[in-house]
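Analysis of the macromolecular model
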Amino acid sequence: MKALNVFRVSASLSLAALLAAPAVIHAQSAPKGFTSLFDGKTLKGWRGDTTIWSVRDGAISGGSETRLPFNTYLIYDKPYANFELRYKYRWLTPEGNSGFQFRSGIADGHYALAGYQANVVPATVKPERYGMLYAELTDRQEIALLGQKVELTRRTATGGGTARIVRTVKEMVNSRDDLMASVRANPEWNEVVVIAYGNRIVSSLNGLLAFDALDKDPLAPSTGLLGLQAHSGPPMMVQYKDIYIKPLKSEPNFTAGFKSTRSAAPAPVQTYKDSVRAGLDDVGCRTSGELTPSDWQGAC
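What counts and what doesn't
Residues numbered from 1 in each chain as written. Predicted model: local features only at pLDDT ≥ 70, side-chain atom pairs only at ≥ 80, totals over all residues. Heavy atoms only, no water. Core = buried A, V, L, I, M, F, W, Y, C linked by side-chain atoms within 4.5 Å. Buried < 20%, exposed > 50% of the residue type's maximum accessible area, 1.4 Å probe, protein only. Contact = heavy atoms within 4.5 Å. Helix = DSSP H or I, 4+ residues; strand = E, 2+ residues; numbered from the N terminus. Lys, Arg positive; Asp, Glu negative; His and termini not counted. Salt bridge = Lys/Arg side-chain N within 4 Å of Asp/Glu carboxyl O. Polar contact = N/O pair within 3.5 Å; in protein donor to acceptor, adjacent residues only side chain to side chain. Phe/Tyr/Trp six-rings, centres within 6.5 Å; stacked < 30°, edge-to-face > 60°. Lys NZ or Arg CZ within 6 Å of the ring centre and 35° of its normal. Pairing = 2+ DSSP bridges. pLDDT = per-residue confidence, 0-100.

1. Description of the nonpolar core
One finds Trp46, Ile60, Tyr87, Phe102, Tyr240 and Ile243 to be the most contacted residues of the largest nonpolar core, which totals 54 residues. The contact partners of tyrosine 87, leaving out residues within four places of it in the chain, are Phe100, Ala118, Val120, Asn190, Glu191, Val192, Val194, Tyr240, Lys241, Asp242 and Ile243. Val173, Ile195, Val202 and Phe258 belong to the second-largest nonpolar core, a separate cluster that totals eight residues.

What follows is the structure in structure tokens.
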């Protein structure tokens with residue numbers, strides 16, 4: 001993989017010094033047909049822990065100079081079902097974990113959300129998990145990893161009540177090497193588009209198609225709230241700006257305008273995760289041999 005110009009932070013450099021460095025960012029006007037969700041000055045319309053979330057240098061800034069003990073979210077309290085969402089982000093620290101929630105609901109916790117998440121992390125993470133589509137606080141977890149075109153289904157795992165989430169990777173919409181090479185280090189901004197309509201969700205990263213997911217799970221959320229995540233873990237700081245949304249009344253051309261170089265998906269192309277295996281890796285599906293009603297192990 002091409003070497004990344006990852007923003008490094010000296011151990012002796014405080015997070016406060018980092019926050020003082022960027023120049024003031026001026027908010028831009030919303031594109032035609034879109035509504036701005038951030039005025040560039042305040043958190044109007046959003047709610048969350050103001051010791052974690054604030055507006056600095058004209059951007060929504062989330063994080064802490066000390067370790068975060070739990071996940072917490074900045075919540076935009078208006079539901080959206082079908083939409084095109086655009087935003088920009090950058091990291092001021094080499095570590096951290098964040099994401100843009102959508103079609104999400106309020107959960108128990110400290111301003112907690114459960115639902116879809118477009119993953120936002122520094123370029124130091126495992127490439128496959130960068131920019132993935134994730135299901136926060138559910139048994140579904142990783143829906144589409146970076147570069148994948150995926151179909152997600154739900155079935156019984158044991159003939160009883162345990163769910164089996166099956167992921168079938170149809171192809172790669174872009175190579176992970178190309179996607180990771182497009183990542184821009186601080187002080188530049190990364191541009192993301194998320195389009196959700198019905199049970200299909202796609203995302204782009206800096207103009208490259210990042211994933212294409214068809215979520216056929218009958219329990220998949222069809223509407224919900226938006227939010228930004230500050231994940232538990234070491235001191236971190238992430239910034240967001242130019243956040244725009246456009247509700248969709250008809251099915252869009254999902255991939256128009258995004259660059260895509262398609263290739264075959266590497267094996268295994270079909271995997272599963274039982275609901276009791278949350279937090280563990282997927283298991284490859286068995287693709288040959290006759291299955292009897294009592295032989296559910298490894299079946300997809």
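2. Some details on the side chain of glutamate 136
With respect to the secondary-structure elements, glutamate 136 resides in strand β9 (residues 133-136). One buried charge, glutamate 136, has no salt-bridge partner; the nearest side chain with opposite charge is arginine 129, at 8.3 Å. Within the structure, the side chain of glutamate 136 is placed 3.3 Å from the side chain of asparagine 71, a separation counted as a polar contact. Within the structure, the side chain of glutamate 136 is placed 3.4 Å from the side chain of glutamine 117, a separation counted as a polar contact. Those residues in contact with glutamate 136 that lie beyond four places of it in its chain are Asn71, Tyr73, Gln101, Leu113, Ala114, Gly115, Gln117 and Gln229.

3. Description of the packing of aromatic side chains
For the structure shown, the criterion picks out six aromatic pairs. Relative to phenylalanine 100, the ring of tyrosine 87 lies with its centre 4.6 Å away and its plane at 35 degrees, an arrangement referred to as tilted. Of this pair, tyrosine 87 sits in strand β6 (residues 83-91) while phenylalanine 100 sits in strand β7 (residues 98-107), and the two are 13 residues apart along the sequence. Looking at tyrosine 87, the relative accessible area reads 2%, which means it is buried. Connected via pairs of aromatic rings, a cluster forms that spans Phe83, Phe102 and Tyr116. A cation over a ring is seen here: arginine 164 above tyrosine 272, with NZ or CZ 3.9 Å from the ring centre.

4. Brief notes about the sheet that holds strand β2 (residues 46-47)
Whether parallel or antiparallel, the strands of a sheet pair through hydrogen bonds between backbone atoms. The seven strands are arranged β2-β5-β16-β7-β8-β9-β10 in an open sheet whose pairing can be described as antiparallel. Every other strand in the sheet has two partners, leaving β2 and β10 (141-144) as the edge strands with one partner each.

5. Some thoughts on unusual backbone geometry
In this chain, asparagine 186 is followed by proline 187 through a cis amide linkage whose omega measures 15 degrees. Take proline 187: it is sitting in the loop between α2 (176-181) and β13 (190-197). In this model, alanine 267 is joined to proline 268 through a cis peptide bond whose omega is -5 degrees. In this fold, proline 268 is placed in the loop between β17 (236-247) and β18 (270-274).

6. Considerations on the confidence of the model for the chain
Residue-level pLDDT values for the chain average 90, and 87% of them are 70 or greater. Across residues 1-13 the pLDDT falls below 50, and counting only partners more than four positions away or on other chains, this stretch makes 24 contacts in the model.

7. Points about the pairing of β7
Within β7, seven of the ten residues are buried, which leaves the element mostly enclosed by the surrounding structure. Two elements, β7 and strand β8 (residues 112-120), share eight bridges in a ladder whose sense is antiparallel. Counterpart to phenylalanine 102 in the pairing with β8 is tyrosine 116. Taken together, the five bridges between β7 and strand β16 (residues 224-230) define a ladder with antiparallel strand orientation. When the sheet's bridge partners are listed, glutamine 101 is paired in β16 with glycine 227.

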